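Now for the letters of each chain:
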Amino acid sequence: MACAVMGLQEMIETSAERAGQLQAVPDAFIRPPHDRPPSLVQEQQLPVIDISGLHDPHLRPLVLQHIAHACAHWGFFQVVNHGVKDEVIQEMRAACWRFFNQPASERNKFKGQENELPVGYATSFNPAVEIARDWKDVLYVRDVPGMCSNGFDLLPEICREAFQQYRSGVDELAKLLFESIFEGLGVSIASIKEKVPPAARLVMGVNFYPPCPDPSLTYGISPHSDVGYVTVLLQDEVPGLQIKKGENWYLVKPLPNAFVINLADQIEILSNGKYKSIEHRAVTNTDKPRMSIACFYGPLNSAIIAPLPDFTSENEPGRYNAVKYGDYVRNFYSKGLLPDRATLNLAR
Ligand code: OGA
Ligand code: NI
């Protein structure tokens, strides 16, 4: 089905109010009064982990400990010395801007909101069902064997190669982290290979948040938890990402060229709740556009996800039901983004 909703960027570009600017937030984006961004949240540096030691057998145990501690206490951390080259990151950022700086007619060649498109240029998350739209457009690129063709091969030439290079670098990082997260929980690499469905799905979302005339009325991305295994996020220098720890929300201060790593729903299920999938959101600002690049790694649609036997026993029964990941994803896309980690209800 073609996407009938006009993208936010296009709406701003074609705005008649003032050349290329909106003076007020259009009604479609205004959230109900009880559900708007609070004006203040705490600022705290997330754990920053130098992961170069993961390649050194003597240092690896200590780095695994740091990762395990960050996963248990925050579910979110930043990594540095991660092995993805600076040039690759800079070229990727530039390529994303090249895509979004094209005329709407070029961007709209990829227009599409659906969850199974190899490439989709979309707005908000699911405008068909949302009470209020999020203040963002997004370019999705999918490589999900068995579901669609590899979207990275179908990108326009102005950004294809940079996306492919970036994806190879981040794939390696994600594999390293995926193993480290389980190893930190005491699951051997051999056991991971045997029991955990591989992280063979990559969905990349390049989020573009234009400046917003009134950030108190709308979110850039509304509160949600990610549904896969882990997300590898590259922020730019403009703050916006906030995460929930206990009852408090914290701003994740951008750290140049560090990746923000977060645990998503399937890690919570596999670990039988030892690690939690963390709720997060992004706010907008009045001055500067913000871009973030999220790589969502998860299992294939056919994978059945349930607590690993390593984390269940007679005294500790499994706290989540087995769910086929394809059903999990379909449920996620059929709704708007939901707060309180509601996607996990499917496994409860
Ligand atoms: C997401 C997300 C946060 C950000 O894309 O799922 O949470 O800072 N993005 O853009
Ligand atoms: Ni997210």
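Cut-off values and rules
- Residues numbered from 1 in each chain as written.
- Chains lettered and ligands numbered in written order.
- Predicted model: local features only at pLDDT ≥ 70, side-chain atom pairs only at ≥ 80, totals over all residues.
- Heavy atoms only, no water.
- Helix = DSSP H or I, 4+ residues; strand = E, 2+ residues; numbered from the N terminus.
- Expected span 1.5 Å × (residues − 1).
- Buried < 20%, exposed > 50% of the residue type's maximum accessible area, 1.4 Å probe, protein only.
- Arc of directions from axis to C-beta.
- Near = heavy atom within 4 Å.
- Polar contact = N/O pair within 3.5 Å; in protein donor to acceptor, adjacent residues only side chain to side chain.
- Areas by Shrake-Rupley, 256 points an atom, 1.4 Å probe, with all protein chains shown as cover.
- Nonpolar A, V, L, I, M, F, W, Y, C, P; charged D, E, K, R; others polar.

Asks: Sorry if this is basic, but what is going on with helix α5 (residues 157-184) here?
Replies: Working note: α-helix, 3.6 residues per turn, so residues spaced by three or four point in the same direction. In this model α5 runs 41 Å from its N-terminal to its C-terminal C-alpha over 28 residues, within 8% of the 40 Å that 1.5 Å per residue would give. In the stretch just after α5, Gly-186 is the one whose phi turns positive, near 90°.

Asks: What exactly am I supposed to notice about helix α3 (residues 86-100) here?
Replies: Given a rise of 1.5 Å per residue, 15 residues ought to cover 21 Å, and the 21 Å separating the end C-alpha atoms of α3 matches this to within 8%. Turning to α3, its buried residues number three or more, namely Val-88, Ile-89, Met-92, Arg-93, Ala-95, Cys-96, Phe-99 and Phe-100. Down the axis of α3, the smallest arc covering the buried residues is 160°, so these residues share one side.

Asks: Is there a simple way to explain the site of ligand 1 in this structure?
Replies: Taken together, Asn-207, Tyr-209, Ile-221, His-224, Asp-226, Leu-233, Leu-241, His-280, Arg-290, Ser-292, Ala-294 and Phe-296 make up the full set of residues adjacent to ligand 1. Separating an oxygen atom of ligand 1 from a side-chain N or O atom of Asp-226 is a distance of 3.3 Å. When the free accessible area of ligand 1 is taken as 290 Å², the share hidden by the protein chains comes to 95%. Counting residues per element, the ones that place at least two in the shell around ligand 1 are β6 (201-209), β7 (221-224) and β13 (290-298). Considering every element that reaches the shell around ligand 1, the biggest residue donor is β13, with 4 residues. Of the residues assigned to the shell around ligand 1, the class counts are 6 nonpolar, 4 polar and 2 charged.

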